[in-house]
Every structure is written in structure tokens, then in C-alpha cells.
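Below are the chains, spelled out letter by letter.
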Amino acid sequence: MEWYNVVLELIDFRSFSNLWFWIMLAVIWSSASHWILGVPNDLVLRARRKGGRHEEDLHDLVRINVGRLLFISRTSGLWMTSFGCFLLSIVAVLGFVYKIEFAQAVFLIFFPLGLVGLLTLGTARSIEADQVQGEELYKRLARHRIYVQLTGMIAIFVTSIWGMYQNFQISPLN
């Protein structure tokens, strides 16, 4: 095999048959489930186990990130939502109407991430409204993490099924 064939295989723009796409998908969902409300999960576990300074750090970080998320949503949330829906609509039409595989892959990554963003915003609003502290905060963060992980598992499953379907469609065996 010639060296340029190897290079072209590595930079293949067919998303669902490209190893880099699947690595990126795994990293995105791993990061999304590790950083809950901008707080790393290991800090939540450490604060729950050890308390003290770790618990103070967790409460401070949650307070800062909840305030930041809610400030952004209150000042420019409508515009961000409108622009995000506009972009997702464009990508969906390009991908599923005009059959552009790269757009399909982008949609299958960003649509579930948008749902996670809405979940995150809802969790932030409930934490602020109820002024949650201590054990209740740990429970809400854990529940939110489970919802993010479930969303990620469903998204990865749907993406893999769609990717297999796409790969079968272009297969020479078809």
C-alpha cells in the first residue's frame, strides 16, 4: 500500500467509517458526563466522602457555575436558543434531506448535546430556586449525571445504528 493511501484513509471525510469520529464521540460524551454543571465528578465524590474544605469548594463552584449559566440564559438565552435551533435545522436538512454524511454526523453529536444543555439549565434553575446545599446537592448532581449518561448512551446507540446503516448503504456488497 502506498503512503498516500494510508494518509487519505486517516483523513477520510466519511464520518461513520472514520475511527476519529468514533474517538471524538466517546470523548465528547465522557467529558459531558464528567463535568456536571461545570463541576468535575471527582470533586463531587471527594466532597461527599471527606467534607470540610472539599465540600466548601464544591458549593462555591456550583454557586459560581449556576449563577453563570443562569445569567447567560437570562440575558441572551432566547438568542442562543434561536441561533442553535437554526443551525441544527440547517445541519439536519443538509444531512437527512441532501444526504451529506458529515452533516448527519454533526447533527447526531450536537442534537443530544443540546438536550443535555437544556437538562443542565433546568438543574441549575432548580438548584438556585431551592437554594440546595449538602446532601440534597449531591443527590441532584448525581441525578443530573445519570440523565446525562442516559442521554449519551441513547445518542451513541442511535449514532452507531445510523452509522452502520450508512456504511451498509455504501458497501460494495449492497
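Look above for the structure.
Parameters at a glance
Residues numbered from 1 in each chain as written. Predicted model: local features only at pLDDT ≥ 70, side-chain atom pairs only at ≥ 80, totals over all residues. Heavy atoms only, no water. Core = buried A, V, L, I, M, F, W, Y, C linked by side-chain atoms within 4.5 Å. Buried < 20%, exposed > 50% of the residue type's maximum accessible area, 1.4 Å probe, protein only. Helix = DSSP H or I, 4+ residues; strand = E, 2+ residues; numbered from the N terminus. Contact = heavy atoms within 4.5 Å. Phe/Tyr/Trp six-rings, centres within 6.5 Å; stacked < 30°, edge-to-face > 60°.

S.K.: Help me understand the nonpolar core, please; the structure alone is not making it clear to me.
M.R.: Taken as a class, soluble globular proteins show a tendency for nonpolar side chains to be buried jointly. Core analysis: the biggest nonpolar cluster contains 31 residues, and L37, L58, V62, V66, I127, L137 and L141 have the highest contact counts within it. Secondary structure elements with two or more residues in this core: helix 2 (19-34), helix 3 (41-50), helix 4 (53-97), helix 5 (101-130) and helix 6 (134-169). By residue number, the principal contributor to this core is helix 5, which donates 8 residues. Beyond its immediate sequence surroundings of up to four residues, L137 is in contact with L58, H59, V62, I127 and V132.

S.K.: I tried to follow the side chain of T159 on my own but got confused; where do I start?
M.R.: With respect to the secondary-structure elements, T159 resides in helix 6. On the basis of relative accessible area, T159 is assigned to the buried category, the value being 1%. If near-sequence neighbours (up to four positions away) are discounted, T159 is found in contact with F16, F21, W22, L25 and L108.

S.K.: Would you mind going over unusual backbone geometry with me for this structure?
M.R.: What is expected of a backbone is that most residues other than glycine have negative phi and most peptide bonds are trans. Phi angles above zero are rare outside glycine, and L37 is one such case at about 55°. When you line up the elements, L37 lands in the loop between strand 1 (35-36) and strand 2 (39-40). Its relative accessible area of 3% is what places L37 among the buried residues. Positive phi is not limited to glycine here, since Q131 has a value of about 50°. Following the sequence through the fold, Q131 ends up in the loop between helix 5 and helix 6.

S.K.: Help me understand the packing of aromatic side chains in this model?
M.R.: In total, this model carries 7 aromatic pairs according to the counting rule given. For the pair F21 and W22, a centre-to-centre distance of 5.0 Å together with 80° between the ring planes defines the contact as edge-to-face. For F21, a relative accessible area of 7% translates into the label buried. Aromatic pair F96 and F107: ring centres 5.6 Å apart, planes at 85°, arrangement edge-to-face. Of this pair, F96 sits in helix 4 while F107 sits in helix 5, and the two are 11 residues apart along the sequence. Classification of F96 by relative accessible area gives partly exposed; the value is 29%. Its relative accessible area of 16% is what places F107 among the buried residues.

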